[in-house]
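Here is how the chains run, residue by residue.
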Amino acid sequence: MDWRTFITIFATVFIAEIGDKTQLATMLYASDKTVSKWVVFGASATALILAAAIGVIAGQWVSAYVPERYLRYLAGVGFIMVGCWTLWRA
């Protein structure tokens, strides 16, 4: 396994997920005293795994038709646009 790639992906996704709507929704469900915290954890973890699997499959499919170089540019521009939009709204 390429640990450098693993750590890069882990850090990027972890930072992106902290404080986002998914985490806030999970905290909301976990705050309900009548709901098992293990159920909340299991359901939210399964949802994140499925979402990641869809991303991997879609990325593999798109990469068969679009060169990696263009995908990197598109991702970079997309992140910059989201950052600018976030700053604009702030």
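Residues numbered from 1 in each chain as written. Predicted model: local features only at pLDDT ≥ 70, side-chain atom pairs only at ≥ 80, totals over all residues. Heavy atoms only, no water.

S.K.: What should I look at first to understand helix α3 (residues 37-63) in this one?
M.R.: Each full turn of the α-helix corresponds to 3.6 residues, which orients residues three or four apart in the same direction. Counted at 1.5 Å a residue, the expected span for α3 with its 27 residues is 39 Å, and the 38 Å between its end C-alpha atoms agrees. The backbone nitrogen of Trp38 lies 3.2 Å from a side-chain oxygen of the residue at the head of α3, namely Ser36. (Helix = DSSP H or I, 4+ residues; strand = E, 2+ residues; numbered from the N terminus. Expected span 1.5 Å × (residues − 1). Polar contact = N/O pair within 3.5 Å; in protein donor to acceptor, adjacent residues only side chain to side chain.)

S.K.: Would you mind showing me how to read the environment of Val66 here?
M.R.: Its place among the elements puts Val66 in the loop between α3 and α4 (68-89). Residue classification places Val66 among the partly exposed residues on the basis of a relative accessible area of 29%. Residues Val66 and Thr34, 32 residues apart in the sequence, show an inter-C-alpha distance of 48 Å. (Buried < 20%, exposed > 50% of the residue type's maximum accessible area, 1.4 Å probe, protein only.)

S.K.: Any chance you could explain the pattern of salt bridges here in plain terms?
M.R.: Any two side chains of opposite charge can pair, given that their charged atoms come close. Counted by the stated rule, this structure contains one salt bridge. Salt-bridge contacts for Arg72 lead to Glu68; the nearest nitrogen and oxygen are separated by 2.7 Å. A residue pair is termed a helical-turn pair when its members lie 3 or 4 positions apart in one helix, as Arg72 and Glu68 do in helix α4 at four residues. Judged by its relative accessible area of 51%, Glu68 is exposed. (Salt bridge = Lys/Arg side-chain N within 4 Å of Asp/Glu carboxyl O.)

S.K.: Explain the packing of aromatic side chains to me, please; I cannot follow it from the model alone.
M.R.: The full count for this structure, using the stated rule, is four aromatic pairs. Both rings, one in Phe10 and one in Phe14, keep their centres 5.7 Å apart while their planes meet at 10 degrees; by these two values the pair is stacked. Of this pair, Phe10 and Phe14 both sit in helix α1 (residues 3-17), four residues apart, which is roughly one turn of the helix. What makes Phe14 partly exposed here is its relative accessible area of 46%. (Phe/Tyr/Trp six-rings, centres within 6.5 Å; stacked < 30°, edge-to-face > 60°.)

S.K.: Quick question: what am I supposed to make of the packing of helix α2 (residues 21-30) against α3 here?
M.R.: Relative to each other, α2 and α3 sit at 160 degrees, their axes nearing to 9 Å. Classified by the angle between their axes, α2 and α3 sit roughly antiparallel to one another. The chirality of how α2 crosses α3 is right-handed. From α2, Thr22, Thr26, Tyr29 and Ala30 reach across to α3, where they touch Lys37, Val40, Ser44 and Leu48. Looking at the contact of α2 with α3 residue by residue, the classes come out as four nonpolar, three polar and one charged. (Axes fitted to C-alpha atoms, helices over the stretch in contact; angles between N-to-C directions. Parallel < 35°, antiparallel > 145°, perpendicular 65-115°, else oblique. Left-handed = near helix turned anticlockwise from the far one by under 90°. Contact = heavy atoms within 4.5 Å. Nonpolar A, V, L, I, M, F, W, Y, C, P; charged D, E, K, R; others polar.)

Function-wise, these values are silent; they only describe arrangement.
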